[in-house]
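# Coordinates in review
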Amino acid sequence: MIENNSPPNVNFFVNYSNAKGGNQEYLEKRKFYSSNKNKDYMNYIMTGIKDMENMDYVEYIQNKHKCYGIFNQDGLISAEERKRIRNDLRKTKSVIWDALITFESEFGKKWCNSFEQAYNLLKNELPKFFKRAGLNQDNIEWFAGLHENTDNRHIHISFFEKKPLRIRPNKNEKQFSIGRIPKPVILGFKPIIELAATDFKAREILARQKINEKVKEELSKNSNLILKNKLLNLANKLPEGQQHHYSNDSMSFLRTEINSITDYVLSGQKNTQSIQEDFINLAREKDEEFAKYCKRNHCLQPYSFEEKYKQDMYRRVGNIVIQCAKDLKFKDDQRLKLNAKYKAEKIRQKNKFWKELDECLLLNERVNYEIIHSFQDFMESLERARYSRLVEEGELEAEM
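These numbers come from a predicted model, not from an experiment.

On to the overall build of the chain, then. The helix and strand tally for the chain stands at 11 helices and eight strands. Expressed as a percentage of the 400 residues in the chain, the buried residues total 39%. Surface summary for the chain: the accessible area is close to 24600 Å², and the carbon and sulfur share equals 51%.

By secondary structure assignment, the location of K214 is in helix α7 (residues 200-221). If near-sequence neighbours (up to four positions away) are discounted, K214 is found in contact with N271, T272 and I275.

What follows deals with a nonpolar patch on the surface. On the surface, F375, F378, M379 and L382 cluster together to form a nonpolar patch covering roughly 410 Å² of accessible area. Here F375 is to be found in helix α11 (residues 305-392).

This paragraph deals with the nonpolar core. Counting residues in hydrophobic clusters, the biggest one holds 39 residues, and the most contacted among them are I211, V215, L219, L231, L234, I258 and V321. Among the elements of the structure, α6 (183-197), α7, α8 (225-237), α9 (255-266), α10 (270-296) and α11 are those that each provide at least two residues to this core. Top element by residues in this core is α11. It accounts for 10 residues. The contacts of I211, once residues within four sequence positions are left out, are L266, I275, Q276, F279, M313 and V317.

The subject of this paragraph is the state of the cysteines. As enumerated under the stated definition, the model contains zero disulfides in all. You can see C299 has no disulfide; the closest cysteine sulfur is in C294, sitting 4.1 Å from it. Assessed through its relative accessible area of 16%, C299 is described here as buried.

A separate point is helix α3 (residues 79-91). The terminal C-alpha atoms of α3, which comprises 13 residues, lie 19 Å apart, in line with the 18 Å expected from a rise of 1.5 Å per residue. Regarding α3, the residues found buried are R82, I85, R86 and L89. Seen end-on, α3 carries its buried residues on one side only, within an arc spanning 100°. Along α3, the residues that are exposed and aim more than 90 degrees away from the buried face are E80, K83 and K91.

All chains considered together, the criterion is met by 14 salt bridges. Note that E81 is salt-bridged to R84, the shortest N-O span being 2.7 Å. Here R84 and E81 lie together in helix α3, a separation of three residues that amounts to about one turn. Residue classification places E81 among the partly exposed residues on the basis of a relative accessible area of 28%. Residues R386 and E383 are paired through a salt bridge, measuring 2.7 Å at the closest nitrogen-oxygen approach. Of this pair, R386 and E383 both sit in helix α11, three residues apart, which is roughly one turn of that helix. One network of salt bridges, with partners in common, ties together E81, R84, D88 and E141.

So, how was this worked out
Residues numbered from 1 in each chain as written. Predicted model: local features only at pLDDT ≥ 70, side-chain atom pairs only at ≥ 80, totals over all residues. Heavy atoms only, no water. Helix = DSSP H or I, 4+ residues; strand = E, 2+ residues; numbered from the N terminus. Buried < 20%, exposed > 50% of the residue type's maximum accessible area, 1.4 Å probe, protein only. Areas by Shrake-Rupley, 256 points an atom, 1.4 Å probe, with all protein chains shown as cover. Contact = heavy atoms within 4.5 Å. Patch = residues over 30% accessible without salt bridge, like charges linked within 9 Å, V, L, I, M, F, W, Y side chains within 5 Å. Salt bridge = Lys/Arg side-chain N within 4 Å of Asp/Glu carboxyl O. Core = buried A, V, L, I, M, F, W, Y, C linked by side-chain atoms within 4.5 Å. Disulfide = S-S within 2.5 Å. Expected span 1.5 Å × (residues − 1). Arc of directions from axis to C-beta.

Everything listed here is a matter of coordinates, which is why it stays silent on function.
Structural data, given as structure tokens:
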């Protein structure tokens, strides 16, 4: 059991500076954050950097001796992009935040010891942090760097708002954030980072993949008439002219029905049930670990992973169910069209047959008539020849 006094694997600190300050000390701090000052409050973390007099914050975290490179949500930042960031930092009237994520030595070396690990960690978790902090993630410019100059791996992060979006009471113009981030949000980010950095993510991906593959396998069989009817009934209810994604508002009235199909598929086979159970057990294990992290960091557990996993499972599998229902309906419509086409073709062929038969019968009558008429003509010709012969032989007198 992990005691409350156990050292945390992750620590998280946030400072900020407004564009307007009350004293010289505050303004000097702002200059550093905005890349207008070379040597200041951050000096204590610049061990090993010789050219302190000519290096600003962006250059500091870009230094190759201690940093893997500056990155943002799109990956490593180019020199041209760094230049643009410096320019924006100097001009912005936004609060500029400076954050630091530090890792316990062994934990950091295992779970955040490369650019890829740091990049994936922040790309996935920072937007959620901004949202919890009351910031619009689409309005935030951020950049970061992973440092390895100490035994404790650590990530420096700087971010600011691109535009003023907040509307204050009795104010006619939009304003920037005042900068304060609620303490529970900061404390809660530590266990979230600790959990996100571990191998739970890989296990989650594998578990989801197994469920999705098994569901697709079961749905593709189309041998279960009950399931087939459920899917066709769902497909016939899909709203026209809308995107058929599980999370869309237009699909809300069908979610219960979609979930029931998901439950039916997942409960249909023993091995499918076991895959689902493994997935839920992973969520429960994650909840237990997360509870320990929160306890160690003296913060409340903000949500249940088991519930989030279930919601995520229904959403992901629900989209598979919807697509399968649409595909099945398309195939069924094609089958009905083919059947109708076949019936129409059969009727056409039948009508053609009777028409050709009538023509054949008529032709046969004509042939029979011609045969009889020709036979009659032939017999008359024979009779005339016989008569002529008898007249020539004198046995009959020619008729006048």
